[in-house]
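Report on the structure
This is what each chain is made of:
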Amino acid sequence: MELFFRALSSSSNLHEAIERASYFLRILIPDMAVGLEVSGEMGCLLIKQKGPLVDGLPEVGRIFAYEWLLRHLHGYLCWLVGRGIALDRIEFPYDAPPHAADYKILFTEDAHFGYQALRACFKKNLLDLPIRRDEDALKLFLVGAPAKLTSLYRREREIVIRV
């Protein structure tokens with residue numbers, strides 16, 4: 001994963017970092033396509049399954065794969081730009097789980113299920129955010145990565161600030 005983190009950290013802005021992540025992850029995870037869609041005022045991380053992940057993988061494993069990839073990619077991108085990237089809308093490629101209400105806390109109030117691909121959308125202008133982390137910051141980050149990613153930029157902080 002260090003090569004992945006280094007490849008993204010030398011990007012000039014968030015847009016370039018997402019593009020680099022897309023290229024890198026095509027090699028690392030060939031069964032999942034990661035990309036960026038830009039339309040109107042929104043930019044969306046796109047994660048789509050290209051084929052069966054593993055023969056006999058139960059649906060819960062497929063859900064875990066999507067959410068794990070989203071959490072880690074989103075967390076690292078937030079770290080790179082030095083701030084949270086608020087997700088305004090998210091579409092999940094599976095039926096709503098019994099704990100679907102939790103998704104509104106973990107991701108965004110505007111969470112939906114039953115789509116063909118995972119789309120995590122944010123304001124398009126955020127794509128221009130510069131990368132704020134340098135080599136020294138990356139070295140410190142790598143000491144605890146990737147475990148740090150799932151706790152760096154959770155939506156609960158936004159909720160606490162509003163309360």
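Residues numbered from 1 in each chain as written. Predicted model: local features only at pLDDT ≥ 70, side-chain atom pairs only at ≥ 80, totals over all residues. Heavy atoms only, no water.

Some thoughts on the pattern of salt bridges
Any two side chains of opposite charge can pair, given that their charged atoms come close. A full pass over the atoms with the stated rule returns seven salt bridges. Between Asp88 and Lys123 there is a salt bridge, with the nearest N and O atoms lying 3.1 Å from each other. Pair noted here: Asp88 is in the loop between α3 (59-81) and β3 (89-92) and Lys123 is in strand β5 (residues 118-123), with a separation of 35 residues, a long-range link. Glu91 serves as the salt-bridge partner of Arg89, at 3.0 Å between the closest nitrogen and oxygen. Taking relative accessible area as the criterion, Glu91 reaches 10% and is therefore assigned buried. Several salt bridges converge on common partners, so that one network encompasses Glu37, Arg89, Glu91, Asp110 and Arg119. (Salt bridge = Lys/Arg side-chain N within 4 Å of Asp/Glu carboxyl O. Helix = DSSP H or I, 4+ residues; strand = E, 2+ residues; numbered from the N terminus. Buried < 20%, exposed > 50% of the residue type's maximum accessible area, 1.4 Å probe, protein only.)

Observations regarding the sheet that holds β3
The mixed open sheet is built from five strands, whose spatial order is β1-β2-β5-β3-β4. A strand with exactly one partner marks an edge of an open sheet, and here the two such strands are β1 (32-39) and β4 (111-113). Ignoring which end each strand starts from, the neighbouring axes of this sheet average 15° apart. In the sheet, β1 pairs with strand β2 (residues 42-49) via eight bridges, with the strands oriented antiparallel. Residue pairing for β2: Val38 is matched across the bridge by Gly43. Packed onto the sheet, helix α2 (residues 14-28) meets β1, β2 and β5 and runs at close to 155° relative to β1. (Pairing = 2+ DSSP bridges. Axes fitted to C-alpha atoms, helices over the stretch in contact; angles between N-to-C directions. Contact = heavy atoms within 4.5 Å.)

Brief notes about helix α5 (residues 135-144)
Three or more residues of α5 are buried, namely Ala137, Leu138, Phe141 and Leu142. Burial along α5 is one-sided: seen end-on, the buried residues are contained in an arc of 135°. Of the residues in α5, the exposed ones pointing more than 90 degrees away from the buried face are Asp136, Leu140 and Val143. One side-chain oxygen of the residue at the start of α5 lies 3.3 Å from the amide nitrogen of Asp136, identifying that residue as Asp134. (Arc of directions from axis to C-beta. Polar contact = N/O pair within 3.5 Å; in protein donor to acceptor, adjacent residues only side chain to side chain.)

No statement about biological role is implied by the geometric values presented.
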